[in-house]
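A structural walkthrough
What follows is each chain in one-letter form.
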Number of protein chains: 2
Amino acid sequence: MSFEIKDKDLLGRIGKLRTKSGIVETPLLFPVINPSVQPVLPQRLKDVFGFEAVITNAYILKKRYQNRPVVEGLHNFLKFNGATMTDSGAYQILVYGGVEYDQKEIVAYEEGIGTDIATILDIPTGWRVTKEQAALTVAETHRRAKDFFNLKTRNDILWVGPVQGGKHLDLVAASAKEMGSLPFDIHALGSPTEVMENYRYDVLAEMILTAKKGIPIERPLHLFGAGHPSMFAIAVALGCDLFDSAAYALYAREGRYMTESGTWRLLEMDYFPCTCPRCATETPKTLLTKSVKEREIFLAEHNLWVCIAELKRIKQAIRDGRLWELTEMRCHAHPALLSALKRVVRHKDFLATFSPSIKSSGLFYFDHEGLARPEITQYTKRLLTRYTPPVNAKVLLLLPQTRNKPFHKAPEMKKIRQVLRVLGLELLDKVHVAVFCAPFGVVPLELDEVYPLSQHETALPLDKETIEYVAEQSVEYIRQMSYGGVTLLNDSKLWGSYIKFAVQKVCVEKSVCFEIVEAGQVSSRQLIDDLRVVLQKQLNGL
Amino acid sequence: MSFEIKDKDLLGRIGKLRTKSGIVETPLLFPVINPSVQPVLPQRLKDVFGFEAVITNAYILKKRYQNRPVVEGLHNFLKFNGATMTDSGAYQILVYGGVEYDQKEIVAYEEGIGTDIATILDIPTGWRVTKEQAALTVAETHRRAKDFFNLKTRNDILWVGPVQGGKHLDLVAASAKEMGSLPFDIHALGSPTEVMENYRYDVLAEMILTAKKGIPIERPLHLFGAGHPSMFAIAVALGCDLFDSAAYALYAREGRYMTESGTWRLLEMDYFPCTCPRCATETPKTLLTKSVKEREIFLAEHNLWVCIAELKRIKQAIRDGRLWELTEMRCHAHPALLSALKRVVRHKDFLATFSPSIKSSGLFYFDHEGLARPEITQYTKRLLTRYTPPVNAKVLLLLPQTRNKPFHKAPEMKKIRQVLRVLGLELLDKVHVAVFCAPFGVVPLELDEVYPLSQHETALPLDKETIEYVAEQSVEYIRQMSYGGVTLLNDSKLWGSYIKFAVQKVCVEKSVCFEIVEAGQVSSRQLIDDLRVVLQKQLNGL
């Protein structure tokens, strides 16, 4: 295996990719090298910025430099001693309708120049195409992929098999399955450029996840043309391992200044909101006194610093088990990114399958977008399929979450224990105490120290979708367990009447005795009395 | 006036504060200088990092160095040629219960050392105190404040009048009014340190806004002890102009690495997620081979770079009119920060009064937290108090928002115009077309190019609170206007049935004829037919 996974979170991972020029660490960004106009020299990208690999275009090399890169070897030609990747001209097929070389020539050229990672000459689907046209690109890409394995002569190059289908997700699924069944080292999601240009990150998220479900999970996935740091986090979270960026240079040429949360035009800036070595000693005003070329190099280098820092942030977040937090924050850089994050909940089971279930750090819950988090899916699944309440439990006493965690150590629980003690030993055994909390739903009190039930922070007040999720999960729990009665202590200030009505309804449906005590409407002493009376009544009735 | 406001957004502003040592720009962070252990020399803070001012503690100076800073002058003593601020020992009163100097001595000392900005010796309220104790601190602070004006002898120092009251908001309001009535140059929110240590940023937000409402809006507000960059954005958004940070140095001593979205322990880091000149050439691994002192200096400098960059980001955001966007993003660094942002909606009218209503850039709407935005408050207020529908308008045709903006140029509107044309000139005049859109609610089509009705992007799908807001605003609009009929084209895929039921209800209440056509259930041709029939029916009935 050329790819070894070292750490993971969500569908993101830190991996080691073994190329013939050395091992590189993923998530990895390949700056695009244009040998004829290059604002930052390739070797400088590695030595100063720390980019371990670059990408260039085999089709353009062949067209413009013909045999020279073959004779010199790609690494010497680029004057770069890291890993190299080549694209094949497929993007040019999309833009210009065709290229003058066939796949055989391109594959031979990529082998000839000795690139480390190479792409077959696939047919990109594009954005505004009918399903029929899209199906043709998928079929032709598959045909070429199969054909490619008869053309290749070297075994030391990692080959990329792109997945096509565009926004037609059933075609993406079919393409991923077909391409995934062939012995490629790496896959790529074909030309998402137009999807991104149209800010349809929601569609892109679906495309990535669909591709991801079809290809073997242990192979890295490259996202072509994704060069803006604001989207690296969500792309990695959804399973992309490799990226390439021409944007750093294109933006620089157009006077545009990247940040991890958006783009500015240099001319509109009064401050450089950045600490990079270039920005630390410059202001927009002083930069504007310099030559166009100097400005372009400044911007290109700044853009590269921003990209490499964001990748480090993502890697650190994977190590910390906090990639969701980083992703949710970044998706607040643009509504189109948040729209993409909102799609993820549809795939929450897929996320939960591959994301680790124990982490070294707690979980921050903000809004219902977080309901897609694997920790929540994993917990509810374990609770509903593997958990059984204590054998003697007859009545479920369901309490609202406390500010302090673990819940059983909160001051409020002291009073509850008083109530239970008054019931006497025999009855006490029959009461099963659980808490309903956001975002997890019902948490039996004896489990409340299991990760992450005490290791989370939630923004209050809760949003409605979160309250509804907790209500649904509580209903599902009560439906599956066989309590004879449920007593709910409702905290309407935080929860309104959602939980109350939902729990009442499932109790009626199951013919389970239901009692409710409202917190916050009577004195604390009265509340305890009420709870005792209600519990005693329920226990005696069973 | 010592303070001149250059630009503003929300309650944040870029200002020029004139001190006797020169003009400094706000929002401004004063790094705390401890003359006996200082990891970064004061002059380096200015020359390398760009901090224009520092703060130190007059009480500690007097106690430890006695007359030396008076003889040398504070600037020479600190070897710093920027602006200086001194705190007074009030924080030490909070921590130790008292200090050995009285206000007269402290004020004389602050004047004697020639600081540029000085603080009276107020009595901090603290966190865990009863309302009675809190009231005493407010009263004593007020008494000392009045007394101070008899003590002061120099007119070239800017004096800070702290507002006390702690979490007791009525006391904060009273204190702000009292202190604001005295001729201070600057105000401060007294010791919010414990509020922050307890992560009660929601309480802090209420304290800041309450103080802000009481003091003269044209005076700068200092937030004592707020030194973590993750909270600068919300603090500025709520009207804080000045901050001080000992955190950069304290964190460094404890091996902690700040970022604008949280804090890491150096020992837990595998990557430096930062571009600062220190992090660009170092890794956690290489740093750990260095001496404890070198590490501390590294961390202090990194922390300072992060702080200064965040302030630049905030200033640029104010210039761009995008401080809300930055704040909302930053508040996703910790649920306690988002809880604070969730409080802001209660003060939306106050925000709307002082925030500019026309900006150079569009508005990003993510989730219902954004309903606090001044643009929304301002629009609805203008619509409901200043707008009248066209004189002939009898029927309101209410259409769902389109993806393209301005709405009247969207492809869907072409079809609507076809329908209207079929009605004939006479009837056409009687139909008033409006769109309901998130987050603004009803937008009469003829207004749809007014800022920011076309200059916004919204994350889809909408959350429930946003849909409810749009429904409420639509109800309010219909209630106030005098249409004879309302025809609603409902898009249940995006809006569910909230808008439908809400509009129906207000129509029944007002005895206004109500018709509904459901989009997405029939062919586009059928839909147009249905709309025509319904409109004709309504118009004929009037």
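Rules behind the numbers
Residues numbered from 1 in each chain as written. Chains lettered and ligands numbered in written order. Predicted model: local features only at pLDDT ≥ 70, side-chain atom pairs only at ≥ 80, totals over all residues. Heavy atoms only, no water. Helix = DSSP H or I, 4+ residues; strand = E, 2+ residues; numbered from the N terminus. Buried < 20%, exposed > 50% of the residue type's maximum accessible area, 1.4 Å probe, protein only. Areas by Shrake-Rupley, 256 points an atom, 1.4 Å probe, with all protein chains shown as cover. Lys, Arg positive; Asp, Glu negative; His and termini not counted. Charge placed at Lys NZ, Arg CZ, Asp CG, Glu CD. Core = buried A, V, L, I, M, F, W, Y, C linked by side-chain atoms within 4.5 Å. Contact = heavy atoms within 4.5 Å. Phe/Tyr/Trp six-rings, centres within 6.5 Å; stacked < 30°, edge-to-face > 60°. Lys NZ or Arg CZ within 6 Å of the ring centre and 35° of its normal. Buried area = accessible area lost by both parts, 1.4 Å probe. Salt bridge = Lys/Arg side-chain N within 4 Å of Asp/Glu carboxyl O. Nonpolar A, V, L, I, M, F, W, Y, C, P; charged D, E, K, R; others polar. Pairing = 2+ DSSP bridges. Axes fitted to C-alpha atoms, helices over the stretch in contact; angles between N-to-C directions. Right-handed = clockwise from strand over helix to strand, strands pointing away.

This part takes up the overall build of chain A. Counting its regular elements, chain A contains 24 helices and 20 strands. Out of the 542 residues belonging to chain A, those deemed buried represent 63%. Of the roughly 20,800 Å² of accessible surface on chain A, a fraction of 52% belongs to carbon and sulfur atoms. Across chain A, the centroid of the 68 positively charged side chains sits 2 Å from that of the 63 negatively charged ones.

The next thing to look at is the nonpolar core. One finds A:Leu223 and B:Leu223 to be the most contacted residues of the largest nonpolar core, which totals 208 residues. Beyond its immediate chain neighbours, meaning those up to four positions away, A:Leu223 contacts A:Leu189, A:Pro192, A:Leu204, A:Ile208, A:Met231, A:Ala235, A:Cys240, A:Leu242, A:Phe243 and A:Asp244.

This part is about the packing of aromatic side chains. For the structure shown, the criterion picks out 35 aromatic pairs over all chains. Note on B:Phe436 and B:Trp495: the rings are 5.0 Å apart at their centroids and 65° apart in plane angle, and the pair reads as edge-to-face. Residue B:Phe436 is located in strand β16 (residues 431-437), and its partner B:Trp495 is located in helix α22 (residues 492-495); the two are separated by 59 residues in the primary sequence. Three or more aromatic residues joined by ring pairs form one cluster here, namely A:Phe148, A:Phe149, A:Trp159 and A:Phe184. The ring of B:Tyr251 is capped by B:Arg256, whose NZ or CZ atom sits 4.1 Å from the centre of that ring.

Side chains of residues three or four places apart in an α-helix project in the same direction, reflecting 3.6 residues per turn. Turning to helix α6 (residues 103-113) of chain B, its buried residues are B:Gln103, B:Ile106, B:Val107, B:Tyr109, B:Glu110, B:Glu111 and B:Ile113. At the C-terminal side of α6(B), B:Gly114 shows a positive phi close to 75°.

Another point: the interface of chain B and chain A. Counting residues at the interface gives 54 residues for chain B, matched by 54 residues for chain A. Three residues stand out in chain B for area buried against chain A, namely B:Tyr271, B:Thr275 and B:His332, and they jointly supply 16% of the buried area on that side. The tally of links from chain B across to chain A stands at six salt bridges. We note a salt bridge from B:Arg319 to A:Asp270, for which the minimum N-O separation is 2.9 Å. Among the secondary structure elements, those contributing two or more residues to the side of chain B that touches chain A are α14 (292-320), α15 (323-330), α16 (335-343), β14 (363-365), β18 (456-458) and α21 (464-480) of chain B. Considering every element that reaches the side of chain B that touches chain A, the biggest residue donor is α14(B), with nine residues. Of the residues assigned to the side of chain B that touches chain A, the class counts are 25 nonpolar, eight polar and 21 charged.

Now for the sheet that holds β16(B). Residue and element names in this part refer to chain B. What the five strands build is an open sheet, ordered β17-β16-β15-β19-β20; its pairing is mixed. Pairing within the sheet leaves two strands with one partner each, and these edge strands are β17 (441-444) and β20 (513-518). Strand-to-strand twist across the sheet, computed as the mean angle between neighbouring axes with direction ignored, equals 25°. Inspection of the sheet shows β16 paired to β17 by four bridges, in the antiparallel sense. Each residue of the ladder has a partner; that of valine 435, found in β17, is valine 443. Along the sheet face, helix α24 (residues 524-541) touches β15 (395-400), β16, β19 (485-490) and β20 and points at about 175° away from the line of β20.

Applying the stated rule across the entire model yields 78 salt bridges over all chains. A salt bridge links A:Arg278 to A:Glu301, with the shortest nitrogen-to-oxygen separation between them at 3.1 Å. Note that A:Arg278 is positioned in the loop between β13 (262-265) and α13 (284-287) and A:Glu301 in helix α14 (residues 292-320), a separation of 23 residues in sequence. Between B:Glu296 and B:Lys293 there is a salt bridge, with the nearest N and O atoms lying 3.9 Å from each other. Of this pair, B:Glu296 and B:Lys293 both sit in helix α14, three residues apart, roughly one helical turn. Look at B:Glu296 and you get buried, because its relative accessible area is 12%. For B:Lys293, a relative accessible area of 46% puts it in the partly exposed group. One salt-bridge network, held together by shared partners, links A:Asp9, A:Arg322, A:Glu325, A:Lys359, A:Arg373 and A:Glu375.

As a further point, take the pairing of strand β9 (residues 186-189) of chain A. Looking along a regular strand, one sees side chains alternate from face to face of the sheet. Residues and elements named next belong to chain A. In β9, alternate side chains face the same way, and those of Ile186 and Ala188 on one face and His187 and Leu189 on the other are all buried. Of the pairings in the sheet, the one linking strand β8 (residues 158-163) to β9 comprises four bridges and is parallel in character. Each bridged residue has a counterpart across the sheet, and for glycine 161 the counterpart in β9 is histidine 187. Taken together, β8, helix α8 (residues 169-180) and β9 form a β-α-β motif whose crossover is right-handed. Looking at chain direction, β9 and strand β10 (residues 221-223) are connected through three bridges and run parallel. Within β10, the position partnered with histidine 187 by the bridge is leucine 221.

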